[in-house]
There are 2 protein chains.
Amino acid sequence: MTSTPPRRSLEELLPTVVALFTERGYDATSMEDIARATGRTKSAVYHHVSGKEELLRLAIARAVDALSAVLTESAAVDGRAADRLEHVVRRSVEVLAEQQPYVTLLLRVRGNTQAEQWALEQRRGIDRRLTALVAAAIAEGDLRTDLDPPVVTRLLFGTVNSLVEWWRPTGAASVTAMADSIVALAFTGLRR
Amino acid sequence: MTSTPPRRSLEELLPTVVALFTERGYDATSMEDIARATGRTKSAVYHHVSGKEELLRLAIARAVDALSAVLTESAAVDGRAADRLEHVVRRSVEVLAEQQPYVTLLLRVRGNTQAEQWALEQRRGIDRRLTALVAAAIAEGDLRTDLDPPVVTRLLFGTVNSLVEWWRPTGAASVTAMADSIVALAFTGLRR
DNA sequence: GTCTATATGTTGATAGAC
DNA sequence: GTCTATCAACATATAGAC
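## Concerning the relation of the copies chain A and chain B
Then, in step 1: After a rotation of 180° and a shift along the axis of 0.0 Å, chain A superposes on chain B with an RMSD of 0.0 Å. What the rotation and shift describe, once combined, is the action of a two-fold rotation axis. Residue G189 of chain A of chain A places its C-alpha closer to the rotation axis than any other residue of that unit, at 1.9 Å.
Then, in step 2: The fraction of interface residues of chain A whose copies in chain B are also interface residues reaches 100%, indicating that both copies meet through the same surface.

## Side note on the protein's contact with DNA strand D
Then, in step 1: Near DNA strand D lie 15 residues; those nearest to it are T41, S43 and H48 of chain A together with M31 and Y46 of chain B.
Then, in step 2: In DNA strand D, the atoms that sit within 4 Å of the protein are 48% sugar and phosphate, with bases accounting for the remainder.
Then, in step 3: Within the contact set of DNA strand D, a phosphate oxygen lies 3.3 Å away from a side-chain nitrogen or oxygen of R40 of chain A.
Then, in step 4: Between DNA strand D and the protein, one listed contact pairs a phosphate oxygen with a backbone N or O atom of T41 of chain A at 2.7 Å.
Then, in step 5: When residues of the surface near DNA strand D are traced back to their parent elements, those giving at least two are α3 (42–48) of chain A together with α3 (42–48) of chain B.
Then, in step 6: The biggest single contributor to the surface near DNA strand D is α3 of chain A, with four residues.
Then, in step 7: Residues that form the surface near DNA strand D fall into these classes: three nonpolar, nine polar and three charged.

## A word on the packing of aromatic side chains
Then, in step 1: Using the criterion set out here, one finds two aromatic pairs over all chains in the structure.
Then, in step 2: Judged by centre distance (5.0 Å) and plane angle (70°), the ring pair of F21 of chain A and Y26 of chain A falls under edge-to-face.
Then, in step 3: Judged by its relative accessible area of 14%, Y26 of chain A is buried.
Then, in step 4: The ring of Y26 of chain B carries K52 of chain B above its face, with NZ or CZ at 4.6 Å from the centroid.
Then, in step 5: Over the face of the ring belonging to W118 of chain B we find R57 of chain B, whose NZ or CZ atom lies 4.3 Å from the ring centre.

## Considering the protein's contact with DNA strand C
Then, in step 1: The full set close to DNA strand C counts 15 residues, and K42, Y46 and K52 of chain A together with T41 and S43 of chain B are the nearest of them.
Then, in step 2: Here, DNA strand C places atoms within 4 Å of the protein, and 49% of those atoms are sugar or phosphate.
Then, in step 3: Contacts to DNA strand C include Y46 of chain A, whose side-chain N or O atom sits 3.0 Å from a phosphate oxygen.
Then, in step 4: Mapped onto the surface near DNA strand C, the elements with two or more residues apiece are α3 of chain A together with α3 of chain B.

Parameters at a glance
- Residues numbered from 1 in each chain as written.
- Chains lettered and ligands numbered in written order.
- Predicted model: local features only at pLDDT ≥ 70, side-chain atom pairs only at ≥ 80, totals over all residues.
- Heavy atoms only, no water.
- Least-squares fit on C-alpha atoms with pLDDT ≥ 70 in both.
- Contact = heavy atoms within 4.5 Å.
- Near = heavy atom within 4 Å.
- Polar contact = N/O pair within 3.5 Å; in protein donor to acceptor, adjacent residues only side chain to side chain.
- Helix = DSSP H or I, 4+ residues; strand = E, 2+ residues; numbered from the N terminus.
- Nonpolar A, V, L, I, M, F, W, Y, C, P; charged D, E, K, R; others polar.
- Phe/Tyr/Trp six-rings, centres within 6.5 Å; stacked < 30°, edge-to-face > 60°.
- Buried < 20%, exposed > 50% of the residue type's maximum accessible area, 1.4 Å probe, protein only.
- Lys NZ or Arg CZ within 6 Å of the ring centre and 35° of its normal.

Encoded structure:
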């Protein structure tokens, strides 16, 4: 859990800021853009935040928290690793639907600033936990054994994460349908 | 085919420029960075190019050409659509291995500038052709019928494209192995 | 083709009044 | 908590000599 300080006024700005960051990109969004979009001047924005980088950090932390929670929650469930893996995939699709712009920012990070370096570390941590789950499912004999666990993990969640580039969920039913589609493709395969 | 004017001196700069764009991001790379990395001053760079945007356009055009060629080449082959689709997936992995930074730039485009808008159009065109191929494979009865063609297409090539984020091919054998892994996951599925 | 200036705009961030 | 005014740094791009 990445502890988030309880600054309420900041939480008001964040949704708007995150929308701008995801649409135009972090670098292409100026503090002036943010001020205008939130109906304030730049100075007013700086009264709430130490700078642009903190806004990014805050947004990414939200995505990290949500995705980490999925993993922690699934680890507590008994049963076969392959089923836990499928559950993580489904829950990840849900998180992505609920927190799209936040997850998008986490996935786009390149490591240029300190905040982005931190984000990359968080991602590596999540990746390690996912790989362990995949490896366990293979070891238990439920997944095919001819594929490398780290490769399978990245391909599988590369598929899930690619949703941020085009998917715009329209409701609870569409989320379930998308989770079904991804599980069908990745676990059962396209050929018949 | 996106006709590329035959300016040789420019082709010398492009690999270095594309490396910078993919590592730091387009916005975070200045003309000064480009000048330094290519051992020239900014003015010398401007003698070869009209501006930063043209460099991006040129790089993206290369990726578009390579990926379009894969589709055109596969369309000329007889046989079942599902086999052509599998072939396109394999060839896409190869193109990605050979032209990684160029393809990466194409995939990261957000549409902020004119060059990026053009790139998005090119991507839509490729996407349409891929979707038609998937739809044909379903219609011929070789792929499962419970999934939406556009969704399947984006998931399938979302998987392929996600490679740019982490894969660093080490030789011809590793490229074949990766193509095999993706085809195994997407066409046959992970469960056994 | 390359260089040394330099023009011109925009950026993130701060000072200080209200 | 919001404002106006402003700074210093850095951006893209150009002028003009060699």
